[in-house]
Amino acid sequence: MITKTNEIKIARPGNPWQSKVLNASAQLWFIIAVLGMWIFAFYVASFYGGAAIDNDFMKWNRVLPHGYIEGESMGNLAVAIHLLFAVIVMVGGPIQFIPQLRKHAPSLHRWNGRFYISAAFIISLSGVYMVISKGTISGLIGDISVSINGILIMIFAYLAIRNAIKRKIDVHRRWALRLFLAMAGVWFFRIGLMFWLFVNKGPVGFDPETFRGPFLVFLGFGQYLIPLVILELYFLVQKKKTKTTQILMSAGLLMLTAITAVGIFAATMSMWLPRIG
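In short, a report on the structure. Just so it is clear, the structure is predicted and the values come from calculations on it, not from any experiment. (Residues numbered from 1 in each chain as written. Predicted model: local features only at pLDDT ≥ 70, side-chain atom pairs only at ≥ 80, totals over all residues. Heavy atoms only, no water.)

1. Quick notes on a nonpolar patch on the surface
Selection rule: Like charges within 9 Å and nonpolar side chains (Val, Leu, Ile, Met, Phe, Trp, Tyr) within 5 Å are joined into patches, using only residues over 30% in relative accessible area that form no salt bridge. Here the Shrake-Rupley method, with its probe set to 1.4 Å, supplies the accessible areas, and only the displayed protein chains count as covering residues. A pairing counts as a salt bridge when a side-chain nitrogen of Lys or Arg comes within 4 Å of a carboxyl oxygen of Asp or Glu. Under the DSSP-based scheme used, a helix requires at least four consecutive residues in state H or I and a strand at least two consecutive residues in state E, with every element numbered from the N terminus. For every residue, the accessible area obtained with a 1.4 Å probe (protein chains only) is divided by the maximum for its type, and the residue is called buried under 20%, exposed over 50%, and partly exposed between those limits.
Residues Leu 140, Ile 141, Ile 144, Ile 148 and Val 217 make up a contiguous nonpolar surface patch of about 390 Å² in total accessible area. With four residues, helix 5 (residues 139-165) is the single largest residue contributor to the nonpolar patch. With respect to the element layout, Val 217 can be found in helix 8 (residues 214-240). The partly exposed category is assigned to Val 217, whose relative accessible area is 35%.

Written out as structure tokens, the structure reads:
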């Protein structure tokens, strides 16, 4: 899954249209994904923020089991910080990948990037603390998958900022892309789950009561590993620059865009809108 339009290298003179199609496919996925992320951010801000404003923190537990536990100041603070920064980076993160911003407002790009990197560490550390103190609804497997996601985010954030400082811009952008996808793991989980429920007309491969089952194990790790693998394939296609690989990658991105759109629609209509209505 791709985020930056100017990351796409122009193909050899013999096959320019393949590069254009690949570029357009990447742009389309990015637009659809960002719209979905902003809908999710609006939902989180409205539901959790609204409950906080109303001083009804127990409302958090309707969606996030053990999200608020009376008397657990550190645990509740970790959840609040995690949710707040998640909303901020979900809204502000994508603008880092707009070429016009980097060109015409480089200072904004740099400062927003610094905040994004800092937020990555804060979100990851608070998320791991939440796993340790509260656990996840998916049990031990969920605890492990979320913890790995948090560790990957911190590694990617470190490598992104390290290469930016060294002025290795191309390397920096690749690590920033990996960071962007890893940071969206929670979002990928939700749209992936809702896509699965939509196409199967109900829960298949897991028990909705216990929230356990082989599909959730797959999705727990796939929420960040699948996007990262696809990104690496895209990097490989950029390097090879052959007609066949570009066409296949474009077709794959269009299919993933359709899946993403269906998942966003299902999550919005079934999960997010009803809870903020």
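2. Description of the pattern of salt bridges
Overall, the coordinates contain one salt bridge when judged by the stated rule. Between Arg 178 and Glu 232 there is a salt bridge, with its nearest N and O atoms 2.7 Å apart. Within this pair, whereas Arg 178 is found in helix 6 (residues 169-183), its partner Glu 232 is found in helix 8, the two being separated by 54 residues in sequence. Accessibility expressed as a relative area gives 34% for Glu 232, which makes it partly exposed.

3. A short note on the nonpolar core
Burial of nonpolar side chains together is a common tendency in soluble globular proteins. Worth spelling out the cut-off: Within this scheme, the nonpolar core is defined by two criteria: the residues are buried Ala, Val, Leu, Ile, Met, Phe, Trp, Tyr or Cys, and they are joined through side-chain atoms within 4.5 Å. Should any heavy atoms of two residues lie within 4.5 Å, those residues are counted as being in contact.
Judged by nonpolar contacts, the single largest core of 61 residues is most densely connected at Leu 179, Met 183, Trp 187 and Trp 272. The set of elements that each furnish at least two residues to this core consists of helix 1 (16-53), helix 2 (73-92), helix 4 (106-134), helix 5, helix 6, helix 7 (185-200), helix 8 and helix 9 (243-276). The greatest single-element share of this core, amounting to 14 residues, is contributed by helix 1. The residues touching Trp 272, leaving out its near neighbours within four places in the chain, are Gly 36, Ile 39, Phe 40, Tyr 43, Trp 187, Arg 190, Ile 191, Ile 264 and Ala 267. In this structure, Phe 189, Phe 215, Leu 216 and Leu 219 belong to the second largest nonpolar core, which totals seven residues.

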